[in-house]
Amino acid sequence: MARINLKCDDCNHKFGLMYFFIRPEKIKCPVCGSPRVREETRGTGNCGCGGNQDKPFRFT
C-alpha cells in the first residue's frame, strides 16, 4: 500500500491518500471539493529522494 501527501491550493488543507497498485488520476479535496490538489514534497530527508540535498545518495 502506498501513501501520498496532498495539499489543496484553494483551502490549504493537507491530507494523505492511501492506494493499492494504481495511483488515482483525479483527486478532489475532502473539505472543499476542489480539483486543484497537488502532491506535497519534502525538500529534506536521508533517503536520497529529496529535491534539494547537499550530498545525495549514491551507489559506489
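Here the structure is a predicted model, which is why all the values come from computation and not from measurement. Per chain, the residues get numbers from 1 upward, laid out in the order the sequence is written. The predicted origin of the model limits local features to residues at a pLDDT of at least 70 and limits the giving and counting of side-chain atom pairs to 80 or more, whereas totals for whole chains, interfaces and linings rest on all residues. In computing side-chain properties, one takes all heavy atoms of the structure into account and sets aside hydrogens as well as water.

**Q** Residues and numbers for unusual backbone geometry, please.
**A** At Asn 12, a position not held by glycine, the phi torsion is positive, near 60 degrees. With respect to the helices and strands, Asn 12 occurs in the loop between strand 1 (2-8) and strand 2 (14-19). The phi torsion at Phe 21 lies on the positive side, around 60 degrees, for a residue other than glycine. For Phe 21, the position within the fold is in the loop between strand 2 and strand 3 (37-39). Burial here depends on accessible area, computed with a 1.4 Å probe over protein chains only, as a share of the maximum for the residue type. Under 20% is buried, over 50% is exposed, and the range in between is partly exposed. Its relative accessible area of 85% is what places Phe 21 among the exposed residues. In DSSP terms, a helix is any run of H or I states spanning at least four residues, a strand is any run of E spanning at least two, and both are numbered starting from the N terminus.

**Q** Go over the sheet that holds strand 1 with me, naming the residues and quoting the values.
**A** Pairing between strands is defined by DSSP: at least two bridges between the two strands are required. Taken together, 3 strands build an open sheet; the order of strands is 2-1-3 and the sheet is antiparallel. Of all strands in the sheet, those with a lone pairing partner are strand 2 and strand 3, marking the two edges. With strand direction ignored, the average angle separating the axes of adjacent strands in the sheet is 40 degrees. Sheet topology places strand 1 next to strand 3; 3 bridges connect them, and they run antiparallel. When the sheet's bridge partners are listed, Cys 8 is paired in strand 3 with Val 37. Orientation is described by lines fitted to C-alpha atoms, with helices fitted over the stretch in contact, and by angles between N-to-C directions that extend from 0 to 180 degrees.

**Q** An account of the pairing of strand 2 is needed here, citing residue identities and associated values.
**A** Bridge count for strand 1 against strand 2 is 6 bridges, and the pairing is antiparallel. Note that in strand 2 the partner of Lys 7 across the bridge is Lys 14. Once strand 1 ends, the chain turns through 5 residues before running back antiparallel as strand 2, passing Asn 12 with a positive phi of about 60 degrees.

**Q** Tell me about a nonpolar patch on the surface, and please be specific about residues and values.
**A** Together, Met 1, Met 18, Phe 20, Phe 21 and Ile 22 line one region of the surface with nonpolar side chains, adding up to about 730 Å² of accessible area. Tracing the chain through its elements places Ile 22 in the loop between strand 2 and strand 3. By relative accessible area, which is 68% here, Ile 22 ends up exposed. A residue counts toward a patch only above 30% relative accessible area and without a salt bridge, and it is joined to like-charged neighbours within 9 Å or, for Val, Leu, Ile, Met, Phe, Trp and Tyr, to nonpolar neighbours within 5 Å. Every accessible area reported is derived by Shrake-Rupley at a probe size of 1.4 Å, with residue values counting cover from the shown protein chains alone. By definition, a salt bridge exists where a carboxyl oxygen of Asp or Glu is found within 4 Å of a side-chain nitrogen of Lys or Arg.

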